[in-house]
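Residue strings, one per chain:
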Amino acid sequence: MSGFLDGIRCGDCECNVDWGERRNTIASIAAGVLFFTGWWIIIDAAVKYPAEGEFHHAYHTCGVIATVAFLMINAVSNGQVRGDSYSEGCLGQTGARVWLFIGFMLAFGSLIASMWILFGGFVVPQKPVVYPGIAIFFQNAFIFFGGLVFKFGRTEDLWQ
């Protein structure tokens, strides 16, 4: 899965750019843009609807949990999960796998919770303003996909 950016052809130009060498840079920038966009959307919703009745402030919890999951998922390298580069420590490879699993559970949980907030808090009650619910969902979706791009879009071969 970590080689999904290898087959991308960016036009047939004569510039002879080696995209393999820039893969980590491109994946990091894309993940950063996704992460930034997610937080930008929710900040916009919080500024536009500051009243508690329009946008409950407890809904920010999903984005915070998604951010923690983003950090947890990317704190463990693929080599540590495979057991190639991590054998010491109190839990070793098993600890790295458990940490990654908990990170993915938090990421999926926050994405599902944001859908629940969107539909349960804004669509089903037929509130006149639905944008805060949409903003919560898109914030968590952008953070989730940013985490996936940062985890699986980079390669560890260039680190050695």
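Residues numbered from 1 in each chain as written. Predicted model: local features only at pLDDT ≥ 70, side-chain atom pairs only at ≥ 80, totals over all residues. Heavy atoms only, no water.

1. Comments concerning the overall build of the chain
The condition is simple: Put simply, DSSP H or I for four residues or longer makes a helix, DSSP E for two residues or longer makes a strand, and each gets a number counted from the N terminus. Only protein chains enter the area calculation, which uses a 1.4 Å probe; residues under 20% of their type maximum are buried, those over 50% are exposed, and those in between are partly exposed. Throughout, a residue-residue contact means that at least one pair of heavy atoms, one from each residue, lies within 4.5 Å. Calculation of accessible area relied on Shrake-Rupley with a 1.4 Å probe; when residues are assessed, cover is drawn exclusively from the protein chains displayed.
Broken down by element type, the chain carries five helices and zero strands. Its helices and strands in sequence order give the chain the pattern α-α-α-α-α, from N to C terminus. The burial tally for the chain puts 34% of its 160 residues in the buried class. Relative to all contacts within the chain whose residues are 6 or more apart in sequence, the contacts with residues 24 or more apart total 72%. A total of about 9,700 Å² of accessible surface is found on the chain, and carbon and sulfur atoms cover 67% of it.

2. Remarks on helix α2 (residues 61–75)
What sets the pattern is the α-helix's 3.6 residues per turn: residues three or four places apart point alike. Put simply, the test is: The span one expects for a helix is its residue count, reduced by one, times 1.5 Å.
End to end, α2 covers 21 Å across 15 residues, agreeing with the expected 21 Å (1.5 Å per residue, within 8%). If you check which residues of α2 are buried, you get Cys62, Gly63, Ala66, Thr67, Ala69, Phe70, Met72, Ile73 and Asn74.

3. Notes on helix α1 (residues 23–48)
For α1, with 26 residues, the first-to-last C-alpha span of 37 Å sits near the 38 Å given by 1.5 Å per residue. Among the residues of α1, Arg23, Asn24, Ala27, Ala31, Gly38, Ile41, Ile42 and Ala45 are the ones counted as buried.

4. Side note on the confidence of the model for the chain
Cut-off, in case you're wondering: Residue-level confidence of the predictor, termed pLDDT, takes values from 0 up to 100.
Across the chain, the average pLDDT comes to 87, with 82% of residues at 70 or higher. For the chain, the element scoring lowest by mean pLDDT is helix α3 (residues 78–82), at 81; helix α5 (residues 131–152) scores highest, at 96.

5. Let's talk about the environment of Phe150
Topologically, Phe150 is positioned in helix α5. Distance in space between the C-alpha atoms of Phe150 and Ala27 is 6.0 Å, their sequence separation being 123 residues. Discounting chain neighbours no more than four positions away, the residues touching Phe150 are Ser28, Ala31, Phe70 and Asn74.

6. Examining the nonpolar core
Where we set the bar: In this description, a nonpolar core means a group of buried Ala, Val, Leu, Ile, Met, Phe, Trp, Tyr and Cys residues linked to one another through side-chain atoms lying within 4.5 Å.
With eleven residues, the main nonpolar core is built from Ala69, Ile73, Val76, Val81, Ala96, Leu100, Phe104, Ala107, Leu111, Ala141 and Phe144. Within the residue set of this core, elements represented by two or more residues are α2, α4 (92–123) and α5. Of the residues forming this core, the biggest block, five residues, is contributed by α4. Leaving out residues up to four positions away in the same chain, Phe104 has contacts with Ile73, Leu148 and Phe152. By size, the runner-up hydrophobic cluster in this structure holds ten residues, among which are Cys62, Ile117, Phe122 and Ala135.

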